[in-house]
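Structural overview for review
Given next are the chains, with one letter for each unit.
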Amino acid sequence: MADTVQYRLERMTDELDDLERRGLFTRAELADVVRRRRDFEFRLRRHSPLRQDFLDYIAYELRIDSLRNLRKRAIIRAAASESDDSDDEDGGSKRNKRKNRGRGKKWKKSISDVAGVLRVLDLYRMATVRFKGDLDLWFRYLEFCRDKRHGRMKQVAPSPPTAHQSIPFCIIFPFSLPCSFGQKTFTYIRCWQALMLYVLALVFFPQVLAQAIRFHPKVPGLWIYAAAWEFDLNLNVAAARALMQSGLRSCPESEDMWIEYLRMELTYLNKLKARKAALGEDVKMLQKSDSDAGHWKEENKELFMPLNEQDDEGPEDSKRLAGDALEQKEDLFWRQGLLIIQTIYQGAVEALPSSLTLRKKFLEILNSVDLAHSEELKIEVLDGLKKDFSHCEDYWDWFARLQLTNSNNSNSLSGKDALSNKLNKSIQVNAVYDEAVRRLPTSKMYSLYAKFWMDVLYPDREDSIASFQNSEFDASEFTSSILKVYESAESCGCLTEDLACQYVSLCLKLERLEEAKNLAERLCNGPLSNAANLWSLRASMEINSFATATGSSPFSKENLSSLFDLFNTVLSKLPITQTEGLWHMAMKLFSREKIYFEKLVKCAMLSLSLAGGSDSGASVSSAIVGWYLQRDGMKQARKVYKRFLALPRPSLKLFQYCIELEASLASLGDNGALANARKLYDSAIDHYPQERELWRNYYNLELKVGTSETANAVYWRARKVLSDSTALTSSSS
């Protein structure tokens, strides 16, 4: 290992000498660089190097190279300013000019300009060989190569290599020269080294891409990355198309591959269109006025010599024939482009026949580009969507909202025309949704239908429709339409709990209080008797109606009795895990009524015995204990929590809440509270012996308010039960 590290460090001597000779680094700084590199090299040569070792070494080399570049620029700027001052003083003598030219030769490219980048490339190569499955590492490698290809790669050999470029042969090839050469031979070798470095710069990035794809052929992102590089940077459309097709053969079920392939072909067509327009081959660009065309033809009459000596056609006929020829040529061009897009679409549909998102994206891309003769393809896409996804609710919702896109484009309309356009579009959307619920009378379809009308009625919501926001469009006349949607869902048996809550809330927003109360009562006593949210909404409506009623005592005995009957019905019917909010609402309402509150406690104990140690049950029981603590004091609260803890399978959270109450009193010097806290801890440990946090809290309590004997007793009990000598070490420290 040491020999390998020493060999790699010795290969850096030319680079280090060049850095010192140029004045970029001092000898002490270079000694520190060598020391750090030696440490990194030993980390890479150990038995199992880590991924972070490579990344740390790469980050250090990049910082060194960045510092070298900054210092080089600073020295060049300082030298330029000195040369300007000397030219002003001496009048620009020939000797100063020769001096400046010599200074310019000093800063030509040398080994220190490329050695850092090549070392980083070598580190990335070793890292990817070691961690072939790390995609993040491969993409880091690719990004670095792509950045340096257009920066460093072109700067390595911007001109034919000369003898002044002192690049060691060992940087390009992994072996050293076996013998010595003459000066002429060594000059030739230096030129050959620079040439090989230039070739390496041209081919290195594609090689890395090929390696990454060879190891990860099922990753669509690599194929897309490679095709984008060929298309955008290398300007090789044929290679990009071949890569995308190879990627589609390897990943036929990738939506991103098909979408990016279509986008690439459309981009290429747009580039060809721009090229034809620049060359004057576009028909629309070649239409001139009759006077300009006639004047130009009269001036250039000799250019229009007929091939046969008979000029039977007039100028109008020749102009018409030329225009027809150009139109036919352009139609052929766009038909070929459309044929390519149709082929891509058909291949995508065959590969992913059940993907609705893919076809929607295809249609969005076709709508976003200005492509002639694309209406037929759009119609084909829409027909295919309706044929294959007419059984899907999401398709009908998307297709209905698609009708509004044309209204979004009609921004030029104003006043009554814009309002009538939005009204017509809303009617079209309503017709689409009506057809959807006739074909698919499901709860999801009715939910999407209702959501659309809620977005129309209340455009100020975050997820509302953009075309109805900040407009003078009065959508209140469509309230009957959304009410019919809810009524139809109820009649079909598709009214879910969420739809029912929306139905009742809409009636409340429309200030139909009695209708909302009757509706909630009918639904709670009918098909949605187990809907906890609907019961909660009904209870809140009843409480608000009694609170806002006129009279001396809004919560009379009759009102409280009816409210308790309502809560008792739902709380005894539904499990406590679903009615946590209702329990807190009832406790807050009857907190000052001891009779009703005691009845709630009995009902809660029955529900908790059925629920076991659930967290929802713990929150309800803890809230009841808290209410007793506020109203009657700690003595009564102890009686209540002992009743709850006597139930089967008490919750750990309830134990923790009660222990917290007792521990807070014990910290104030209450010995009785300390004894109760110890009893609670012992009982909790009996039920949950493997809870490490419970043991730690018990141990900390003894350390805080107990004695050393009790603390040691808890410590040894914990070690024995948990079978771990370090269970409480971190806590005690």
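Our structure is the block above this text.
Okay, so let's go over this structure. (Residues numbered from 1 in each chain as written. Predicted model: local features only at pLDDT ≥ 70, side-chain atom pairs only at ≥ 80, totals over all residues. Heavy atoms only, no water.)

1. Examining the pattern of salt bridges
What counts is decided by this rule: Here, a salt bridge means any Lys or Arg side-chain nitrogen found within 4 Å of an Asp or Glu carboxyl oxygen. Under the scheme used here, helices are H or I runs from DSSP no shorter than 4 residues and strands are E runs no shorter than 2 residues, and both carry numbers assigned from the N terminus. Here the term buried applies to any residue with accessible area under 20% of the maximum for its type, exposed to any over 50%, and partly exposed to those in between, with areas from a 1.4 Å probe on protein chains only.
One pass over the structure, following the stated rule, counts 41 salt bridges. In this structure, the salt-bridge partner of Arg22 is Asp113, at a minimum N-O distance of 3.5 Å. Of this pair, Arg22 sits in helix 2 (residues 13-22) while Asp113 is found in helix 6 (residues 111-130), placing the two residues 91 residues apart along the sequence. In this structure Arg22 comes out as buried when scored by relative accessible area, which is 7%. For Arg43, the salt bridge identified is with Asp53, shortest N-O distance 2.6 Å. Of this pair, Arg43 sits in helix 3 (residues 27-44) while Asp53 sits in helix 4 (residues 51-90); the two residues are ten residues apart in sequence, bridging distant segments of the chain. Given the relative accessible area of 28%, Arg43 is considered partly exposed. Here the residues in one salt-bridge network are Asp18, Arg21, Arg22, Asp65, Arg68, Lys72 and Asp113, joined through shared partners.

2. Considering the nonpolar core
A general feature of soluble globular proteins is that nonpolar side chains tend to end up buried together. Put simply, the test is: Take the buried residues of types Ala, Val, Leu, Ile, Met, Phe, Trp, Tyr and Cys, join any two whose side-chain atoms come within 4.5 Å, and each joined set is a nonpolar core.
Membership of the largest hydrophobic core comes to 187 residues, with the highest contact counts inside it found for Phe362, Leu534, Leu571, Trp583, Phe590, Ile624 and Phe644. Considering each element in turn, this core owes the most residues, ten residues, to helix 21 (residues 443-457).

3. Re the side chain of Arg68
Formally: Here a polar contact is recorded for every N or O atom pair within 3.5 Å, except that within protein the pair must consist of a potential hydrogen donor and a potential acceptor, and residues adjacent in sequence are included only if both atoms are side-chain atoms.
On the secondary structure map, Arg68 appears in helix 4. Here Arg68 falls in the buried class, since its relative accessible area comes to 7%. Within the structure, the side chain of Arg68 is placed 3.3 Å from the side chain of Asp65, a separation counted as a polar contact.

4. Some words on the packing of helix 32 (residues 671-687) against helix 33 (residues 692-705)
For clarity, the cut-off: Throughout, an axis means a line fitted to C-alpha atoms (over the contacting stretch in the case of helices), and angles, computed between N-to-C directions, take values from 0 to 180 degrees. Any angle that falls under 35 degrees is termed roughly parallel, while one over 145 is termed roughly antiparallel, one within 65 to 115 roughly perpendicular, and all others oblique. Here is the rule for handedness: rotate from the far helix to the near one, and if that takes an anticlockwise turn smaller than a right angle the crossing is left-handed, while a clockwise turn gives right-handed. We call two residues in contact when some of their heavy atoms are within 4.5 Å. Here the nonpolar group is Ala, Val, Leu, Ile, Met, Phe, Trp, Tyr, Cys and Pro; Asp, Glu, Lys and Arg are the charged ones; every other residue, Gly included, is treated as polar.
Relative to each other, helix 32 and helix 33 sit at 160°, their axes nearing to 10 Å. Between helix 32 and helix 33, the interaxial angle falls into the category roughly antiparallel. Helix 33 is crossed by helix 32, and the crossing has left-handed handedness. Here Leu674, Ala677, Arg678, Tyr681, Asp682, Ala684 and Ile685 of helix 32 come into contact with helix 33, specifically with Leu694, Trp695, Asn697, Tyr698, Leu701, Glu702 and Val705. Of the residues that constitute the contact of helix 32 with helix 33, the class distribution is ten nonpolar, one polar and three charged.

5. Describing unusual backbone geometry
Positive phi outside glycine occurs at Glu511, with the angle close to 60°. Within the secondary structure, Glu511 is located in the loop between helix 23 (497-509) and helix 24 (513-524). Residue Arg649 is not a glycine yet carries a positive backbone phi of 55°. Along the chain, Arg649 falls in the loop between helix 30 (634-645) and helix 31 (652-666). Judged by its relative accessible area of 55%, Arg649 falls in the exposed class.

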